Amino acid sequence: MKSILAIFSVLLALSMSFDATAQMSKSESKEWKKRIKSLTPEQYKALLEENKSLKGQLSSLKAEAADFDSKFREKDDQISDYQDQVSSLRKELAEAKKNSSGSGEEGLASRGTVSQKGVLFKVQIGAFKQKDLSKFSQGNPSFEVDSEDGTMRYTIGVFKDYWEADTFKKYLREMGVKDAWIVAYKDGKRVPIKEVLEGVI
């Protein structure tokens, strides 16, 4: 019993000596010596096991925090990549607007209706009866409004290639536009996508 108390005293003294912030006054030191003497071996063992358990929990929490930091960095990098892609798509769209701003079959009408013959694909981002965003489509051929049966259907982009439209749709969904989907136009009229996919894919 005395040897256990002696070992405990030595261990406690060592742990206190390593902790620079735990320097005690003489009265505190006497108080802690009294507490040490009153401990049973079982209590001492329980304290050591609790200390070991808490250190394990701390280590586990630190590992989780590091994992969360790593995931946040990955998400930040991913967001940055998406922003770069959106910026690039905007530049391409601006260039396409310049190239297609003339009249004829390659151009788009000022109110957003397609004047080009053949099959085109757009990405629809929503259809609403109560929300009218048509003022934003004026002079902006990449953002179009299609009104039918009192429902306003909003589309972004005009693509000749289905796979380009599909890639753009995926980017929009990754950015949070969960309802984005591809719609097809033939000779300026909206048609079911099945009607045109056989000849395109």
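All values derive from a computational prediction rather than experimental measurement.

**A few points about the overall build of the protein chain**
1) Next: Check the secondary structure of the protein chain and you find six helices and five strands.
2) Next: When each of the 201 residues of the protein chain is scored for burial, the buried share is 21%.
3) Next: Put simply, of all contacts in the protein chain between residues at least 6 apart along the chain, 59% involve residues at least 24 apart.
4) Next: For the protein chain, the accessible surface area stands at approximately 14900 Å², while carbon and sulfur atoms represent 55% of it.

**Concerning the sheet that holds strand S2 (residues 143-148)**
1) Next: Ordered by their spatial adjacency, five strands build an open sheet running S2-S3-S1-S4-S5, and the pairing between neighbours is antiparallel. Looking at which strands have only one partner, the edges of the open sheet turn out to be S2 and strand S5 (189-191). Adjacent strand axes in the sheet meet at a mean angle of 45°, parallel and antiparallel pairs treated alike.
2) Next: Pairing of strand S1 (residues 119-128) with strand S4 (residues 181-186), which is carried by six bridges, proceeds in the antiparallel orientation. Its bridge partner being in S4, Val-119 is matched across the sheet by Lys-186.
3) Next: This element, helix H5 (residues 162-174), spans S1, strand S3 (151-159) and S4 of the sheet and lies at about 25° to S1.

**Observations concerning the pairing of S2**
1) Next: Two strands pair when backbone bridges link them, and S2 and S3 are joined in this way by six bridges, in the antiparallel orientation. In the sheet register, Val-145 faces S3, and the bridge partner there is Tyr-154.

**Observations concerning the confidence of the model for the protein chain**
Detail in the predicted coordinates should be disregarded across regions flagged by low pLDDT.
1) Next: Residues of the protein chain with pLDDT of at least 70 account for 75%, and the chain-wide mean is 75.
2) Next: Put simply, helix H1 (residues 2-18) is where the protein chain has its lowest mean pLDDT, 55, and H5 is where it has its highest, 89.
3) Next: Here residues 102-115 is a poorly scored stretch, pLDDT under 50, and it has 26 contacts once near neighbours within four places are set aside; other chains count.

**With respect to the pairing of S4**
1) Next: Bridge count for S4 against S5 is three bridges, and the pairing is antiparallel. Across the sheet, the residue bridging to Lys-186 is Lys-189, located in S5.
2) Next: Connecting the antiparallel pair S4 and S5 is a turn made up of two residues, with Asp-187 showing a positive phi of about 50°.

**Remarks on the pattern of salt bridges**
1) Next: In this structure the tally under the stated criterion is four salt bridges.
2) Next: Its salt-bridge partner being Arg-35, residue Glu-31 comes within 3.5 Å of it at the nearest N-O pair. Of this pair, Glu-31 and Arg-35 both sit in helix H2 (residues 26-38), four residues apart, which is roughly one turn of the helix.
3) Next: Between Lys-71 and Asp-67 there is a salt bridge, and its shortest N-O distance comes to 3.5 Å. With Lys-71 and Asp-67 both in helix H3 (residues 41-100) and four residues apart, this pair spans about one turn of that helix.
4) Next: If you follow the salt bridges from partner to partner, you end up with Asp-166, Lys-169 and Lys-170 in one network.

Here is what the cut-offs are and how they apply
The residue numbers shown here count from 1 along each chain, following its written sequence. Per-residue local features of the predicted model are confined to residues with pLDDT of at least 70, and side-chain atom pairs are confined, for both listing and counting, to 80 or more; whole-chain, interface and lining totals are unaffected and use all residues. Water and hydrogen atoms were dropped before computing side-chain values, which therefore reflect all heavy atoms in the structure. Strands here are runs of E lasting at least two residues and helices are runs of H or I lasting at least four, both read from the DSSP assignment and numbered beginning at the N terminus. Burial classes: relative accessible area under 20% of the type maximum marks a residue as buried, over 50% as exposed, and values in between as partly exposed (1.4 Å probe, protein chains only). Contact definition: two residues touch when any of their heavy atoms are within 4.5 Å. Only the protein chains shown count as cover for residues, and the accessible areas themselves come from Shrake-Rupley with a 1.4 Å probe. Should DSSP find at least two bridges between two strands, the strands are regarded as paired. Every axis corresponds to a line fitted to the C-alpha atoms, with the helix fit spanning only the stretch in contact, and the corresponding angles, defined between N-to-C directions, vary from 0 to 180 degrees. The score called pLDDT rates the predictor's confidence residue by residue, from a low of 0 to a high of 100. The term salt bridge refers to a pairing of a side-chain nitrogen on Lys or Arg with a carboxyl oxygen on Asp or Glu at a separation within 4 Å.

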